[in-house]
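Observations on chain architecture
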Amino acid sequence: MSDIQTLMDMGFPKERAERAIQVTNNKGVEAAMEWLLAHADEDIPSSSSGASSAPAPEDGAVPTEASAAAAAADEPAQVAKSLKCDECGKLFKSQEEVEFHAAKTQHSSFSESTEEKKPLTEEEKKAQLALLEDKMKRKRQEREENEKKEALERERLRIKSGKDMLEAKRKMEEQEMKKIMDQRRREKAEEKAARDRVKAQIEADKAARRAKQAGETATSPVQSLPPQLSSPVVSSSPAAATSAPKTYTNARIQVRMLDGTTLVETFDAKEQLAAVRLFVQLKLGPNPVPFGLMTTFPRKVFTAEDFDTPLEKLGLVPSAVLIVTKTP
């Protein structure tokens, strides 16, 4: 908003506002306002004069009584010195003041008046100056309050946006955790089903062997052997029984984690090494670091091909110690 418009909003006519800005060399609204209050009773000089001077009497001509009477008849009986609002009775010096008053109060009835608008006294000037300063102060306060409200609103929107982002992130993490838990439950169910199938197969094999041995014992006749052959056979059967390898169905695996803790879990001997890797991966959390598995006695670092090999073929039955190592 320009300084002239600000002065006009305060109640000064446009011409006087422009004059005040020009006289004070554009030093601002306050300087122009002080000048306007100090010169409230002064007229603004017009740039062009619309009044034409009366012709001077010829040299040597003496005015007569008839000419004086004619001149007196031509002069108006009353001269309009101001404009008056018929609705509130307020006097104005210029048309600009009338237009401003009409726009501000919605009054529409004005007339010329012979009353002269009295100049402001020092007290009135000070009161009007204080009123204008108070009005400017209120405007500054309103502007500062609006700026504070806008800043608070921006901060509120920023906080709300941050909370929305955190809530969205939390929901994504919950969904990801739920997926991981569902996957773990499925994997455990598949592992359990695989163990059950292996156990059922082992039991079926045992039952078949027992049935076969019972059938052979019942059907085969007892044959007498010579003394020289019977002794070695009898003496060799216990040795053969003791030398037969024992079959293990489970593998007890001790796993040393990266943080030094130790975990113990029992796996089926026919399960692949990938089952142990999955067990370690679940213990490391939802975002595990790349890791590998190795043994120390004898030292062996398991490769990707070893993870598809059963534990019994890798020599990890009936028990073994595996160490978790970091991989690049």
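One structure accompanies this document, and this report is about it. Given the structure is predicted, the values throughout are model-derived calculations rather than measurements. (Residues numbered from 1 in each chain as written. Predicted model: local features only at pLDDT ≥ 70, side-chain atom pairs only at ≥ 80, totals over all residues. Heavy atoms only, no water.)

1. Side note on the sheet that holds strand β2 (residues 91–92)
Spatial strand order, β2-β1-β3: 3 strands in an open sheet with antiparallel pairing. Each edge of the open sheet carries a strand with a single partner, namely β2 and β3 (110–113). (Pairing = 2+ DSSP bridges. Helix = DSSP H or I, 4+ residues; strand = E, 2+ residues; numbered from the N terminus.)

2. Here's the deal with the packing of aromatic side chains
Two measures describe an aromatic ring pair: the distance that separates the ring centres and the angle between the ring planes. One pass over the full model with this rule turns up 1 aromatic pair. Aromatic side chains F267 and F279 sit 6.0 Å apart centroid to centroid with 80° between the ring planes, which places their arrangement in the edge-to-face category. Separated by 12 residues along the polypeptide, F267 in strand β5 (residues 262–268) and F279 in helix α8 (residues 273–284) bring together distant segments of the chain. The pair formed by F267 and F279 is uniform in burial state, with each residue classed as buried. The ring of F291 has R277 sitting right over it, with the charged end atom 4.6 Å from the ring centre. (Phe/Tyr/Trp six-rings, centres within 6.5 Å; stacked < 30°, edge-to-face > 60°. Buried < 20%, exposed > 50% of the residue type's maximum accessible area, 1.4 Å probe, protein only. Lys NZ or Arg CZ within 6 Å of the ring centre and 35° of its normal.)

3. Description of unusual backbone geometry
Cis peptide bonds are those with omega within 30 degrees of zero, and the linkage from V317 to P318 qualifies with 10°. Within the element layout of this structure, P318 appears in the loop between β7 (299–301) and β8 (319–326). Residue N25 is not a glycine yet carries a positive backbone phi of 60°. Structurally, N25 can be placed in the loop between α2 (14–23) and α3 (29–38). Positioned with a positive phi, Q106 is a non-glycine residue whose angle comes to about 65°. Structurally, Q106 can be placed in the loop between α5 (95–105) and β3.

4. Some points on the nonpolar core
It is characteristic of soluble globular proteins that their nonpolar side chains tend to be buried jointly. Counting 20 residues, the largest nonpolar core has I253, L273, V276, L293, L316 and L322 as its most contacted members. Of all the secondary structure elements, the ones that give two or more residues to this core are β4 (250–256), α8, β6 (291–296) and β8. In terms of residues, this core owes the most to one element, α8, which gives 5 residues. Apart from the residues lying within four places of it in its own chain, the contact partners of L273 are L293, F302, D306, F307, T309, L311, L314, L316 and L322. One finds M10, I21, A32 and M136 within the second-largest nonpolar core, a separate group that totals 14 residues. (Core = buried A, V, L, I, M, F, W, Y, C linked by side-chain atoms within 4.5 Å. Contact = heavy atoms within 4.5 Å.)

5. Concerning α2
Taken residue by residue, α2 has R16, A17, A20 and I21 as its buried positions. Angular distribution of buried residues about the axis of α2 spans 135°; they occupy a single face of the element. Taken together, the buried residues of α2 touch α1 (3–9), α3 and α5. The first or second residue beyond α2 is N25, which carries a positive phi of 60°. (Arc of directions from axis to C-beta.)

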